[in-house]
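Fold and geometry: a report
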Amino acid sequence: MGSPAQEPADSGSCSCSVMGQADDSHLLGGTAIKPKGWDRKGMEAFKYLLYNPETGEVLTRTPLSWLKIIVFYIVYYCFLAGFWAACLMIFFLTLPTAEQGPKWTLDSSRIGSNPGVGLRPRPTDQRIDSQMFFLKESCSNMTSSEGGEGDLNIDYAVRMKNNIEKYYGTQDGVEELQLCEENILRNPGEPACKFDFEELGACKDYPYGFVNQGEDTHINPCIFLKLNKIYDWQPTPILPENLEDDEYNDMTDELKEIIKNAEDPNQIWFDCEGRFAADKEALDMTFFPATQGIPIKYFPFQGGRYEPPLVAVRLNLNEKTTTGQLIHVQCKAWFDGVEHATREKAGMVMFEVTFQKEYQAN
């Protein structure tokens, strides 16, 4: 037999080499194409940013592109302004006029119809959430801190004086209120009554008992009570024949006697007492006016110029008052339908007072 034909030893390698050469001639790949003008720099690049003469672009946009985007935003903001104007118009249409007063009042509002009791003089701005009076039991100093924003006895008097000048003094361009003789509720649109400070007796004059003349006597500070304003709230006085009802069990016997013997029972009454047994023993008070009441002629509050009526409580220092003792006092307003709540301070107010030999260090 003849020997088989032998293939060339390098036939495969030659074939691969030829194929490789053919592929190299048709290679495909990514090529980075640099845009025209990529190498512009400095002022030339800035000029082309402002205006490109080759494409007609101004600040990278053609005039047609600028026209489209300007028209779009004009239409968009017109609709936005129209929507805002419509909402504002609806809002103003729902607002009552000044003569009509608030739209939501009394039980229809969040304030309700059970006013809280306010306390004056107010605390300093630094202790705005405090109802504690730190007093030196005997003090004749009449020089106050700046604006009365301190803890000296005279500072309390200055803050009360500032309050009176702000809310009870003559105001430029505002008609002065007049004293009212008849004790009846105000009619709608009728001006409020001017508060008569003569009713406050010994507590009507500065420095309101916070400073005494001579180191041998004690101070007798006056604390002022007021009702928080509630628009169009018309109080109903307590009828003397109803004083034995359960709702008046917390009223002191002294106030009940005052109401029973009052010449004019059309009042909102105030009563104060110590919260605990030790406080009641140490506390000695005198009310101004002696009736412990605010006549209903000062109500209702109808906006505009208004002078909140006050009842003054003078704290009388005596041999029972212990220096350094913290005395807890609670004062309640009394009228028909009143609700007292310690937590919410509804219809009442609580405060503390302490008398020291010397001022407390801050």
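This text gives an overview of the structure that appears in the document. (Residues numbered from 1 in each chain as written. Predicted model: local features only at pLDDT ≥ 70, side-chain atom pairs only at ≥ 80, totals over all residues. Heavy atoms only, no water.)

Right, let's get into the packing of aromatic side chains. Centre-to-centre distance and the angle between the planes together describe a pair of aromatic rings. Under the definition given, this model contains 20 aromatic pairs. Judged by centre distance (6.1 Å) and plane angle (85 degrees), the ring pair of Y231 and F301 falls under edge-to-face. Here the residue Y231 occupies a position in the loop between β5 (222-227) and α5 (253-261), and F301 occupies one in the loop between β8 (293-295) and β9 (311-315), the gap between them amounting to 70 residues. Of the two residues, Y231 and F301, neither departs from the other in class, the shared state being buried. Members of the aromatic cluster, joined through ring pairs, are F72, Y73, Y76 and Y77. Taking the ring centre of Y156 as reference, the NZ or CZ of R159 above it sits at 4.6 Å. (Phe/Tyr/Trp six-rings, centres within 6.5 Å; stacked < 30°, edge-to-face > 60°. Helix = DSSP H or I, 4+ residues; strand = E, 2+ residues; numbered from the N terminus. Buried < 20%, exposed > 50% of the residue type's maximum accessible area, 1.4 Å probe, protein only. Lys NZ or Arg CZ within 6 Å of the ring centre and 35° of its normal.)

All right, on to the pattern of salt bridges then. Pairs can form between side chains of opposite charge once their charged atoms are near each other. Counted under the stated rule, the structure contains 11 salt bridges. The closest approach of N and O atoms between R122 and D125, which form a salt bridge, is 3.4 Å. Of the residues examined, D125 reaches a relative accessible area of 51% and is grouped as exposed. Note that E137 is salt-bridged to K357, the shortest N-O span being 3.0 Å. With E137 in the loop between β4 (132-136) and α4 (153-167) and K357 in the segment after β11 (348-356), this residue pair connects regions lying 220 residues apart in the sequence. With relative accessibility at 8%, the residue E137 sits in the buried group. (Salt bridge = Lys/Arg side-chain N within 4 Å of Asp/Glu carboxyl O.)

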